[in-house]
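What follows is the residue order along each chain.
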Amino acid sequence: INSYFKVNIYGVRMRQWWDSVNKEFPPFPTITNNNFEQNVKPIYVYSNSHPFFANNQATGNDLNAIVVEGNIQSDTTWEKDLVYIVMSRSIVPQNATLTINPGVIVKFYDRYSGMVIQGTLKAIGEQDDPIVFTTLNDDDVGYGGDTNGDNGQNLAVPGAWLGFYFSNNATNLSELNYTVLRYGG
């Protein structure tokens, strides 16, 4: 909280481990009011961690975002803060729900990244605050801006990320409302 992270590979790196003594996961961390500058990855979250984000700033990093990798193992909520970058194909398994709050921008790293929904995806935006799903190369200011700092050198094209796949096992509780999907496959 209220910290400054500069010139690191990872500003903050989170991976939650099972506490075999207490038979539980440790409490979820809170990452608020921080500045991340000139890091490779300002915030790296392996998806079994469930931090709360608010009022963070990222400038001059290789990726000005919250970098997410791995599968969503349990109920998880993504809050509006920095852009989220999904680095690979992420699975939301049965009995798990990924809730994405209004105003969240999710960018997918490459054409191999996307989401497989076997459980539930709740992406319920608002008319004036939609949820955006797009490619990392989408530099449009209204969709997260130049998150990868390439000054528009890599163009956003259709098929730049996989998209969503809802498996036969996915619940009928999934909902996308007031969402914008750009450049998917």
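Report on the accompanying structure. (Residues numbered from 1 in each chain as written. Predicted model: local features only at pLDDT ≥ 70, side-chain atom pairs only at ≥ 80, totals over all residues. Heavy atoms only, no water.)

## Structural notes on empty space enclosed by the protein
Working step 1: Taken as a whole and assessed by the stated rule, the structure comprises 1 cavity of 30 Å³ or more.
Working step 2: Of the pockets and cavities examined, the largest cavity occupies roughly 90 Å³.
Working step 3: Lining the largest cavity are 13 residues, and of these Val45, Ser49, Pro51, Thr76 and Trp78 lie nearest its centre.
Working step 4: Of all the elements in the fold, those that place two or more residues in the lining of the largest cavity are strand S8 (65-69) and strand S9 (76-78).
Working step 5: In terms of residue count, S9 provides more of the lining of the largest cavity than any other element does, 3 residues in total.
Working step 6: Taken together, the residues that form the lining of the largest cavity break down as 8 nonpolar, 5 polar and no charged. (1 Å grid on protein atoms, 1.4 Å probe; cavity = no way out; pocket = protein on both sides within 12 Å on 5 of 7 lines; lining within 4 Å. Points joined across faces, edges and corners; volume = space filled by probe spheres on them. Helix = DSSP H or I, 4+ residues; strand = E, 2+ residues; numbered from the N terminus. Nonpolar A, V, L, I, M, F, W, Y, C, P; charged D, E, K, R; others polar.)

## Here's the deal with the pattern of salt bridges
Working step 1: For the structure on display, the rule yields 4 salt bridges.
Working step 2: One salt bridge connects Glu37 with Lys6, and the closest N-O pair in it is separated by 3.7 Å. In this pair, Glu37 is assigned in strand S4 (residues 35-37) and Lys6 in strand S1 (residues 4-6), connecting sequence segments 31 residues apart.
Working step 3: We classify Lys6 as partly exposed; its relative accessible area is 38%.
Working step 4: One salt bridge connects Asp129 with Lys80, and the closest N-O pair in it is separated by 3.3 Å. Of the two residues, Asp129 sits in the loop between strand S15 (120-124) and strand S16 (131-135) while Lys80 sits in the loop between S9 and strand S10 (83-86), which places them 49 residues apart along the sequence.
Working step 5: Its relative accessible area of 48% is what places Lys80 among the partly exposed residues. (Salt bridge = Lys/Arg side-chain N within 4 Å of Asp/Glu carboxyl O. Buried < 20%, exposed > 50% of the residue type's maximum accessible area, 1.4 Å probe, protein only.)

## Examining the nonpolar core
Working step 1: Membership of the largest hydrophobic core comes to 30 residues, with the highest contact counts inside it found for Ile43, Trp78, Ile100 and Val106.
Working step 2: Look past the residues within four positions of Val106 in its chain and what remains in contact with it is Trp78, Tyr84, Val86, Ile100, Val132, Phe133 and Thr134.
Working step 3: Counting 10 residues, the second-largest nonpolar core is a separate cluster that includes Tyr44, Leu63, Val83 and Ile85. (Core = buried A, V, L, I, M, F, W, Y, C linked by side-chain atoms within 4.5 Å. Contact = heavy atoms within 4.5 Å.)

## A look at the sheet that holds strand S11 (residues 89-92)
Working step 1: A sheet is described by the order of its strands in space; here 3 strands give the open sequence S11-S14-S17, paired in parallel fashion. Edge positions in the sheet fall to S11 and strand S17 (164-166), since each of these pairs with one other strand and no more. On average, each strand axis in the sheet is inclined to that of its neighbour by 15 degrees, with strand direction left out of account.
Working step 2: Pairing geometry for strand S14 (residues 114-117) and S17, over 3 bridges, is parallel. By the bridge assignment for S17, Met115 is matched with Phe164. (Pairing = 2+ DSSP bridges. Axes fitted to C-alpha atoms, helices over the stretch in contact; angles between N-to-C directions.)

Just geometry here; none of it tells us what the structure is for.
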